[in-house]
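# Understanding the architecture of this molecule
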Amino acid sequence: MAGRLYGIGLGPGDPELMSLKAVRLLRGVDVVAYPTARAGTGVSLGIIAAHLLETQELFPLVYPVTAGPGADASDYRDRINAFYDETSAAIAEFLEAGRDVAIPCVGDPFFYGSFMYWYGRLSGRFETVVVPGISSIVAGAIAAGQPLCFRTQTVTVIPGTLSEGEIMQRLNCADAAVIIKLGRTFAKVRSALERSDMLGRAIYVERASMETQKVLPAAEVETGTSPYFSMVVIPGGEID
Ligand SMILES: C[S@@+](CC[C@H](N)C(=O)[O-])C[C@H]1O[C@@H](n2cnc3c(N)ncnc32)[C@H](O)[C@@H]1O
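The rules behind these values
Residues numbered from 1 in each chain as written. Predicted model: local features only at pLDDT ≥ 70, side-chain atom pairs only at ≥ 80, totals over all residues. Helix = DSSP H or I, 4+ residues; strand = E, 2+ residues; numbered from the N terminus. Rg over C-alpha atoms; globule rule 2.2 N^0.38 Å. Buried ≥ 20, exposed ≤ 12 C-beta atoms within 10 Å, placed from the backbone. Contact = placed C-beta atoms within 7 Å. Arc of directions from axis to C-beta. Domains from an automatic or database assignment. Nonpolar A, V, L, I, M, F, W, Y, C, P; charged D, E, K, R; others polar. Pairing = 2+ DSSP bridges. Right-handed = clockwise from strand over helix to strand, strands pointing away. Axes fitted to C-alpha atoms, helices over the stretch in contact; angles between N-to-C directions. Left-handed = near helix turned anticlockwise from the far one by under 90°.

### What about the overall build of the protein?
Looking only at helices and strands, the protein has seven helices and ten strands in total. Taking 18 Å as the expected radius of gyration for a compact globule of 240 residues, we find that the protein reaches 19 Å, a close match to that expectation. The principal-axis extent of the C-alpha atoms belonging to the protein is close to 60 × 40 × 30 Å. Taking all 240 residues of the protein together, 38% fall into the buried category. Pairs at least 24 apart in sequence give 70% of the contacts found in the protein among residues at least 6 apart.

Next up, the structure:
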């Protein structure tokens, strides 16, 4: 009988924010296939390390590229698609051999999670269970120390990888907003916030819920210093 595939939402980084179900299922699998930039390291491995058993096989899914699409977006897409194809084939081999495989995912697996690309390739062939996780956007608002949205307000989630014009367009019709995928997109995001007159309300959150969490007004962030695990939170503010 084929093994089962698990997509395990880990929450935003604090290991105590993993669900009981995530921990139970993670400890029950034969193989933990963890996404990383370098084998043996990575945020997801750090979150789950304390729960792993010596008998479990660790299988690193090493990204061929770590920055998002640059000038040559089609080359990036080809490389990343080849990576998901190749790693899916490797995971399928474990599953075909009857071994259960868990893929841990920071935050929630179905919310911009890389697990979605393995899910798309494997869930039609193998029984798959997905465990939700606390998304970074809610942990980011908690870290920012201000409620995200009240009553009839809408929340807009904006990838920082959009163009400056598109970010402004989304900001201009948002009550509350969260801008994710920062890192090297920060200068553009800051400019969009400034031009939309929202920089004053914007709170920068780095590594929400992790030991190294940092929170400061977005206006005070030095360009070039924000890591991948950072976001900007724009709370809606209380309304009547
Ligand atoms: C590909 S998305 C993954 C989102 C994730 N699946 C979730 O539910 O939170 C990656 C982006 O999420 C944001 N992110 C994830 N974890 C974070 C954290 N602990 N603190 C701040 N931002 C985080 C960053 O903006 C990062 O660039």
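### Observations regarding helix α7 (residues 186-195)
For α7, the set of buried residues is Phe186, Val189, Arg190, Ala192 and Leu193. End-on, the buried residues of α7 take up no more than an arc of 160 degrees, which puts them together on one face. In this structure, the buried side of α7 is in contact with α6 (164-172), β7 (176-180) and β10 (230-234). Where α7 terminates, the next one or two residues include Asp197, which has phi positive at roughly 60 degrees.

### Things to note about the domain arrangement of the protein
Domain annotation of the protein identifies domain 1 (5-131) and domain 2 (136-234). Once you take the C-alpha centre of each, domain 1 and domain 2 turn out to be 26 Å apart. Every contact between the two is made by nine residues of domain 1 and, on the other side, eleven residues of domain 2. Grouping the constituent residues of the side of domain 1 that touches domain 2 by class yields five nonpolar, three polar and one charged.

### Describing the pairing of strand β6 (residues 155-159)
Bridge analysis of β6 against β7 gives five bridges, and the strand direction is parallel. Residue Pro159 lies in a different strand from β7, and its bridge partner there is Ile180. The handedness of the β6 to β7 crossover, carried by α6, is right-handed.

### So, the sheet that holds β6
Read from one edge of the open sheet, five strands run β6-β7-β10-β8-β9, paired in mixed fashion. Edge positions in the open sheet fall to β6 and β9 (214-217), since each of these has one partner strand only. Averaged over all pairs of adjacent strands, the angle between their axes in this sheet comes to 20 degrees, without regard to strand direction. Pairing geometry for β7 and β10, over three bridges, is antiparallel. Paired with Val178 across the bridge in β10 is Val233.

### Let's talk about the packing of helix α3 (residues 73-96) against helix α4 (residues 115-122)
Direction vectors running N to C along α3 and α4 enclose 60 degrees, while the axes themselves pass 10 Å from each other. Where α3 crosses over α4, the handedness of that crossing is right-handed. Taken together, the residues of α4 that come into contact with α3 (itself represented by Tyr84, Ser88, Ile91 and Ala92) are Tyr117, Trp118, Arg121 and Leu122.

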